[in-house]
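Now for the letters of each chain:
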Protein chains: 2
Amino acid sequence: MDDTDRRLLALLQEDATRSYAALGQAVGLSAAATHERVRKLREQGVIRRTAAEVDPAAVGKGVLAFVLVDATSWMGDSGAELAALPEIEEAHVVAGSASVLVKVRTSTTERLQDVLRGLYGIDGVSGTRATVVLDTLFERPVTP
Amino acid sequence: MDDTDRRLLALLQEDATRSYAALGQAVGLSAAATHERVRKLREQGVIRRTAAEVDPAAVGKGVLAFVLVDATSWMGDSGAELAALPEIEEAHVVAGSASVLVKVRTSTTERLQDVLRGLYGIDGVSGTRATVVLDTLFERPVTP
DNA sequence: AATGAAACCCGGCGGGT
DNA sequence: ACCCGCCGGGTTTCATT
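Residues numbered from 1 in each chain as written. Chains lettered and ligands numbered in written order. Predicted model: local features only at pLDDT ≥ 70, side-chain atom pairs only at ≥ 80, totals over all residues. Heavy atoms only, no water.

**Brief notes about the protein's contact with DNA strand C**
The cut-off we apply is this: Summary of the distance rule: residues count as near a molecule or strand when at least one heavy atom falls within 4 Å of that molecule or strand. Definition of a polar contact: a pair of N or O atoms within 3.5 Å, with one able to donate and the other able to accept a hydrogen when the atoms are protein atoms, and with sequence-neighbouring residues admitted only if both atoms are side-chain atoms. Helix numbers and strand numbers start at the N terminus; a helix is a DSSP run of H or I with at least 4 residues, a strand a run of E with at least 2. Only Asp, Glu, Lys and Arg are considered charged, only Ala, Val, Leu, Ile, Met, Phe, Trp, Tyr, Cys and Pro nonpolar, and every remaining residue, Gly among them, polar.
In the neighbourhood of DNA strand C, the contacting residues comprise Leu29, Ser30, Ala32, Ala33, Arg37 and Lys40 of chain A together with Arg18, Ser19, Tyr20 and His35 of chain B. Considering DNA strand C, the proportion of its atoms within 4 Å of the protein that are sugar or phosphate atoms stands at 89%. Within the backbone of serine 30 of chain A, an N or O atom sits 2.8 Å from a phosphate oxygen of DNA strand C. In this structure, arginine 37 of chain A approaches DNA strand C through a side-chain N or O atom, which is 2.3 Å from a phosphate oxygen. When residues in the surface near DNA strand C are grouped by element, the largest group, four residues, is from helix α3 (residues 31-43) of chain A. Considered class by class, the residues forming the surface near DNA strand C number four nonpolar, three polar and three charged.

**Structural notes on the pattern of salt bridges**
Counted only if it meets this: Each salt bridge in this description consists of a side-chain nitrogen of Lys or Arg and a carboxyl oxygen of Asp or Glu lying within 4 Å of one another. Burial here depends on accessible area, computed with a 1.4 Å probe over protein chains only, as a share of the maximum for the residue type. Under 20% is buried, over 50% is exposed, and the range in between is partly exposed.
Counted under the stated rule, the structure contains 36 salt bridges over all chains. A salt bridge links arginine 39 of chain A to glutamate 43 of chain A; the nearest nitrogen and oxygen atoms lie 3.1 Å apart. Of this pair, arginine 39 of chain A and glutamate 43 of chain A both sit in helix α3, four residues apart, which is roughly one turn of that helix. Owing to a relative accessible area of 34%, arginine 39 of chain A belongs among the partly exposed residues under this scheme. Overall, glutamate 43 of chain A belongs to the exposed group, its relative accessible area being 60%. Its salt-bridge partner being lysine 103 of chain B, residue glutamate 90 of chain A comes within 2.9 Å of it at the nearest N-O pair. Separated into two different chains, glutamate 90 of chain A in strand β3 (residues 88-94) and lysine 103 of chain B in strand β4 (residues 100-106) make up a pair that spans both. Each member of the pair, glutamate 90 of chain A as well as lysine 103 of chain B, is classed as buried. One network of salt bridges, in which partners are shared, links Glu89, Glu90, Lys103, Arg105 and Glu139 of chain A together with Glu89, Glu90, Lys103, Arg105 and Glu139 of chain B.

**What about the UniProt feature "domain: HTH asnC-type" (unreviewed entry) in chain A?**
This is how it is decided: UniProt positions are given in the numbering used here, feature names are shortened, and annotations may be inferred rather than shown by experiment.
Sites flagged by UniProt as "domain: HTH asnC-type" (unreviewed entry) map to residues 1-62 of chain A. Secondary structure content for residues 1-62 of chain A is 53% helix and 13% strand, and the end C-alpha separation is 38 Å.

**A closer look at the protein's contact with DNA strand D**
Close to DNA strand D lie Arg18, Ser19, Tyr20, Ala32 and His35 of chain A together with Leu29, Ser30, Ala32, Ala33, Arg37 and Lys40 of chain B, which account for all nearby residues. Close to the protein, within 4 Å, the atoms of DNA strand D belong to sugar or phosphate groups at a rate of 85%. Serine 30 of chain B places a main-chain nitrogen or oxygen 2.7 Å from a phosphate oxygen of DNA strand D. Those elements that provide at least two residues to the surface near DNA strand D are α3 of chain A together with α3 (31-43) of chain B.

**A look at the interface of chain B and chain A**
Which entries qualify depends on this criterion: Contact between two residues is taken to exist if any of their heavy atoms lie within 4.5 Å; hydrogens are not considered. Buried area counts how much accessible surface, traced with a 1.4 Å probe, disappears from two parts once they are put together, with both parts' losses summed.
With 57 residues of chain B at the contact, the number on the chain A side is 57 residues. Approximately 5500 Å² of surface area, both sides summed, lies buried where chain B meets chain A, with 57% of it carried by carbon and sulfur atoms. Three residues, Arg49, Glu53 and Arg140 of chain B, lead the burial of chain B against chain A; their summed loss comes to 13% of the area buried on that side. Applying the counting criterion to the chain B and chain A interface returns six salt bridges. Linking chain B with chain A are 39 residue pairs in polar contact (both at pLDDT 80 or more). Contributing elements (two or more residues each) for the side of chain B that touches chain A: α1 (3-14), β1 (47-54), β2 (63-71), α4 (79-83), β3 (88-94), β4 and β5 (125-139) of chain B. Among the elements that line the side of chain B that touches chain A, the one with the most residues is β5 of chain B, at nine residues. Its residues placed into classes, the side of chain B that touches chain A shows 33 nonpolar, 10 polar and 14 charged.

Right, here's the structure in full:
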């Protein structure tokens, strides 16, 4: 993982449809060498996958909220139950006053309410504190 | 935006390197028709871009935290100042007791502290409440 | 680990149904 | 809108250094 790899990662994060030739030119390498480096980055798991980024609003997911979930028991093994709620985009075990933090996207606030109801249905959950997003200033990839 | 489009989106979200032929076979369409549909989805902005997903830990970003930022004045126009801190991955204006919620990835907790210091340097910021992530249960794309 | 050449396959585009 | 067929270019591999 040298500096060239990091530059390649940065380029692929903003547009993974670039050709290896163009990519190589940007970092001063041949297409074949570039291909080999990227292949290794995939193999090592540095590049998890290459995915299409979908606009949430365009697929009817205009409401975004972060929900702190309080629990009376350990929730670190409740991943599957949380994943069963498809509107939950991320779930993290956190330190602090809450046990889990989830990121939720729904079509409407009514549907958000349904998700909160669903959270209460999970064993040990004793409370939720939702923070509703009014406007997203920016979302960007990690800077290697 | 019919059901076929949604299936295409789901497939492209999990692997955008698939060929249009394979994609078309999965939804019962020819490669050309599939290509046309995906082109339109891009044109309409439903597909924002296709990007490589990088493992944060692999690029030395092992610490994740969500920070609620309190402010004494309106922070909805502070996007640029927040974006100037490269460790901030997302920034949202929120309803509730805080004004802004940011997602921060750093190499160490010391660096996280630096980011918090940086936040206090922004005009109007009066406080921060950080929630540190111990373990990420899952992160997945939006389900169309 | 990088290069250049070569084979193969895919993306992109026309025309037609 | 979808399907078929063609063509240029990119991906992918291999021998070589």
